[in-house]
Amino acid sequence: MGKKGGCGFVGWLMVLVILALLGVGIFLVVRHKMNKSDDDGDSIPGPPGAIQKKYSDALNVAVQFFDVQKAGKLNEDKITWRGDSALEDGSTVKLDLSKGMYDAGDHMKFGFPMAFTATVLSWSILEYGDQMEAVNQLGTAQDSLKWITDFLIHAHPSDNVLYVQDRPEDMTEKRPVFQVNASSPGSDVAAEAAAALASASLVFKKKDSDYSSTLLKHAKQLFSFADKYRGSYCDSIPGSATYYNSTGYGDELLWAASWLYHATGDRSYLQYVTGSNGNDFADFGNPSWFSWDNKLPGIQVLMVAMVLLARLTFLGEKDTSNSGLQQYRETAEAVMCGLIPDSPTATSSRTDGGLVWVSDWNALQQPVAAAFLASVYSDYLLTSGKRQFSCSGSTFKSSDLKKFARSQADYVLGDNPMKLSYLVGYGDKYPQFVHHRGASIPADASTGCSDGWKWLSSTDPNPNVAMGALVGGPFKNDSYVDDRNNTMQTEPSTYNSAAMVGLLSGLVTTSSVVQSFN
């Protein structure tokens, strides 16, 4: 009996050793897969994997700028130096337009860039909501989105009317409101609002179905208004061109129709995008830069989702060989090929530090937005199983796009010749003289309409930190002058922040695009 018992003990010991080795093996395989996904971007997207602390920390900072920019009655003191503002906005027309967000460093609310901020934030949540949730930022992003969509709903009191502009805590000047309507159209701003509400309806579809339905109803009405009464809002409200001059409304019409198709499955919206309107407005074959004024690269990537992920099949449309869709895909690939440094068609406009560079003014807008699109496109490729694409005969992988996206994010976060984080509040060294009225005036200061000028010219750093502000960025020689009066470099904006939130969310951990979008 003793001999038999001894063998049994040895046998069980061997079983335990084998199980332990199997456990270690499984752990190493999983860790390898997670690390591989983080390193080369070639793993099929799935549930969130290993968290990248750098991007997680940066995302936690970036989302806070939306709280800095909120107008209206603030429910929480998330930003201690902020308070209620613009409570009477819209009162002259008997509407509550107190919510929404200030666009940048001053106290203006512009419907055009605000709606674009909401659309990009919605897209970010739809594609990367599970990653956001993995680092406890999903609820914050959704709350910020709703702050804008609540405003847009109130700004649309009837089918063919949209209030688009008004002129925070201690404002005593008059704040007039301006509208576009059937006789003074604004197809660009109305269509962008439609895109924002349609995309947001997908975000809130499961969370709050009634609110989602309300968003979609307004989105449909606004698109019909924008399409039926065509014209630029800058022609109807000439003063707006000084701030946000729209160069055309065709891209916004396609952008809105694309999101409405995703939100409804109604084939008429798909036909709108791929038919004659696409031929008129899509500028096929000519890659460009994604921004508040140019939605074409975003549309092209969004259309690729229909082809690569067969979302047409999901929605009952079996023919994915549509020539219009293929033209969108080809142009989207041309955009991606322009971003990868080793591509034959790569843009040569880059700083020595590796940042894609397009403009002196608000230089970070284009590279951050392009990096967000590259991240999304990379994950579309992975999810569809099509991991490679061609650039003028040269083959590149989805991981090359992720590598580019990381390079732009890393530059912003301090891996640049200035060793400066352009995301305020992240890292040990970031801008101290941000062009932001609320951040540059002490919270306890008593100021009149003209008193703020002394704070603009002050040689002291801002007394308040505009957490999460993504400033304009460097010149082409990678230099940055930290001076409040240097508006082109030191002023932040919500639309830059929306793209930055999307970019960081795409990098913070493993992707799962199909699950989060559908």
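Just so you know, these numbers come straight off a predicted model, no measurement behind them. (Residues numbered from 1 in each chain as written. Predicted model: local features only at pLDDT ≥ 70, side-chain atom pairs only at ≥ 80, totals over all residues. Heavy atoms only, no water.)

Side note on the state of the cysteines
- Taken as a whole, this structure holds 1 disulfide when the rule is applied.
- With its sulfur 2.0 Å from that of its partner, Cys337 forms a disulfide with Cys391. One quick way to see it: the torsion about the S-S bond of Cys337 and Cys391 is about -85°, and its sign makes the bridge left-handed. Here Cys337 is found in helix H14 (residues 323-339), whereas its partner Cys391 is found in strand S4 (residues 388-391), with 54 residues between them in sequence. Cys391 carries the same exposure label as Cys337, and that label is buried. (Disulfide = S-S within 2.5 Å. Helix = DSSP H or I, 4+ residues; strand = E, 2+ residues; numbered from the N terminus. Buried < 20%, exposed > 50% of the residue type's maximum accessible area, 1.4 Å probe, protein only.)

Quick notes on the packing of helix H4 (residues 111-134) against helix H6 (residues 187-203)
- Two elements in contact, H4 and H6, have axes whose closest approach is 8 Å; the angle formed by their N-to-C orientations is 25°. Regarding the angle of H4 to H6, the classification is roughly parallel. As H4 packs across H6, the resulting crossing turns out to be left-handed. Judged by residue contacts, Gly111, Phe112, Ala115, Phe116, Ala118, Thr119, Ser122, Ile125 and Leu126 of H4 engage Asp188, Val189, Glu192, Ala193, Ala195, Ala196, Ser199, Ala200, Leu202 and Val203 from H6.
- Of the residues in the contact of H4 with H6, the class split is 13 nonpolar, 4 polar and 2 charged. (Axes fitted to C-alpha atoms, helices over the stretch in contact; angles between N-to-C directions. Parallel < 35°, antiparallel > 145°, perpendicular 65-115°, else oblique. Left-handed = near helix turned anticlockwise from the far one by under 90°. Contact = heavy atoms within 4.5 Å. Nonpolar A, V, L, I, M, F, W, Y, C, P; charged D, E, K, R; others polar.)

Topic: the pattern of salt bridges
- Counted according to the given criterion, the structure contains 13 salt bridges.
- A salt bridge links Asp89 to Lys109; the shortest N-O distance between them is 3.0 Å. In this pair, Asp89 is assigned in the loop between helix H3 (64-69) and strand S1 (109-110) and Lys109 in strand S1, connecting sequence segments 20 residues apart. Residues Asp89 and Lys109 agree in their burial class; the two are buried.
- The residue Lys402 makes a salt bridge to Asp379 at a minimum N-O spacing of 3.2 Å. Remark: Asp379 occurs in helix H15 (residues 365-384) and Lys402 occurs in helix H16 (residues 398-412); sequence separation between them is 23 residues.
- You can call Asp379 buried: its relative accessible area is 1%. (Salt bridge = Lys/Arg side-chain N within 4 Å of Asp/Glu carboxyl O.)

Things to note about the packing of aromatic side chains
- Tallied over the full model, the rule gives 22 aromatic pairs.
- Pairing Phe110 with Tyr243 gives two aromatic rings, centres 5.1 Å apart and planes at 40°, and the pair type is tilted.
- Residue Tyr243 is classed as partly exposed on the basis of its relative accessible area of 42%.
- Pairing Phe204 with Tyr211 gives two aromatic rings, centres 5.4 Å apart and planes at 80°, and the pair type is edge-to-face. (Phe/Tyr/Trp six-rings, centres within 6.5 Å; stacked < 30°, edge-to-face > 60°.)

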